[in-house]
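Fold and geometry: a report
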Amino acid sequence: LKELGFLSNGGVVAKTASDFVGQYIGQSQKQTNQILEQARGKVLIIDEAYALNDSMYGKQVLDTLVEKVQGTPSDDIAVLLLGYENEMLEMLRQQNPGLSRRFPKEHAFYFDDYDDHELLAILDLNLKSSDVEANLAFREKALDVLRAQRR
């Protein structure tokens, strides 16, 4: 994005929702402002952003994002909200209406879950890189655990 002239720095700042949430009134807004300043000129990734939908403190974070990130060239920041589709859509519906205007669902990227074959390939790659051999029973059990996490 820097080379395209959208950002002045082009680096990436990765955070989770919990990095923004304070423990007392006003702290969430302060922490959000600090993170936004740290991410100036960069891409700010907020993983598990839907977790901001469940509390007064999360609402403060989202309201601050709406206030500070206007979607204009002078913002000098790109913000990516990551999370599960249904939870993210619920957050966009329930929170500050400006949030859904800043992050319209029509502009969202959707990623399919890995299928069983892809999960096994990733497992095998990790096992090989660690010089670990696994029998069929282990691989099947690992796949069962991974399937359960997908649900």
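The sections below set out a description of the structure shown in this document. (Residues numbered from 1 in each chain as written. Predicted model: local features only at pLDDT ≥ 70, side-chain atom pairs only at ≥ 80, totals over all residues. Heavy atoms only, no water.)

In this model, helix α2 (residues 56-68) (13 residues) spans 18 Å end to end at C-alpha, consistent with the 18 Å of a helix rising 1.5 Å per residue. Residues G58, Q60, V61, L62, T64, L65 and V66 constitute the buried set of α2. On its buried face, α2 sits against α1 (27-38), β2 (43-47), α3 (85-94) and α4 (97-102). (Helix = DSSP H or I, 4+ residues; strand = E, 2+ residues; numbered from the N terminus. Expected span 1.5 Å × (residues − 1). Buried < 20%, exposed > 50% of the residue type's maximum accessible area, 1.4 Å probe, protein only. Contact = heavy atoms within 4.5 Å.)

Here we take up the pattern of salt bridges. What the rule picks out here adds up to 6 salt bridges. Across the pair R147 and D116 runs a salt bridge, and its minimum N-O distance is 2.9 Å. Taken together, the positions of R147 in helix α6 (residues 136-150) and D116 in helix α5 (residues 116-129) put the pair 31 residues apart, joining distant regions of the chain. Judged by relative accessible area, which is 25%, R147 ranks as partly exposed. Residues participating in the shared-partner salt-bridge network are D116, D144 and R147. (Salt bridge = Lys/Arg side-chain N within 4 Å of Asp/Glu carboxyl O.)

Let us look at the packing of aromatic side chains. What describes a pair of aromatic rings is the distance from one ring centre to the other and the angle between the planes of the rings. Counting across every chain of the model gives 1 aromatic pair. Consider the rings of Y50 and Y84, whose centres lie 5.7 Å apart with planes at 40°: the pair is tilted. Here Y50, found in the loop between β2 and α2, pairs with Y84, found in the loop between β3 (78-81) and α3; they are 34 residues apart in sequence, far enough to count as distant. In this structure Y50 comes out as partly exposed when scored by relative accessible area, which is 21%. (Phe/Tyr/Trp six-rings, centres within 6.5 Å; stacked < 30°, edge-to-face > 60°.)

Turning our attention to a negative patch on the surface. Negative charge collects at one region of the surface, where D112, D113, D115 and E118 lie side by side. Structurally, D113 can be placed in the loop between α4 and α5. D113 sits in the exposed class, given a relative accessible area of 54%. (Patch = residues over 30% accessible without salt bridge, like charges linked within 9 Å, V, L, I, M, F, W, Y side chains within 5 Å. Areas by Shrake-Rupley, 256 points an atom, 1.4 Å probe, with all protein chains shown as cover. Lys, Arg positive; Asp, Glu negative; His and termini not counted. Charge placed at Lys NZ, Arg CZ, Asp CG, Glu CD.)

Right, let's talk about the environment of N135 for a bit. Along the polypeptide, N135 turns up in the loop between α5 and α6. Between the C-alpha atoms of N135 and A51, which are 84 residues apart in sequence, the distance is 38 Å.

Turning our eyes to something else, we now look at the sheet that holds β2. Backbone-to-backbone hydrogen bonds pair the strands of a sheet. The strands run either parallel or antiparallel. Read from one edge to the other, the open sheet built from 3 strands follows the order β1-β2-β3, with strand pairing classed as parallel. In this open sheet, the two edge strands, each paired with only one partner strand, are β1 (12-16) and β3. Averaged over neighbouring strand pairs, the angle between their axes works out to 15° when direction is ignored. (Pairing = 2+ DSSP bridges. Axes fitted to C-alpha atoms, helices over the stretch in contact; angles between N-to-C directions.)

Turning next to α5. In this model, α5 (14 residues) spans 20 Å end to end at C-alpha, consistent with the 20 Å of a helix rising 1.5 Å per residue. Taken together, the buried positions of α5 are L119, L123 and L127. Projected down its long axis, α5 carries its buried residues within an arc of 70°, all on one side. Along α5, the residues that are exposed and aim more than 90 degrees away from the buried face are H117, L125, K128 and S129. Among the structural elements, α6 are those in contact with the buried residues of α5. (Arc of directions from axis to C-beta.)

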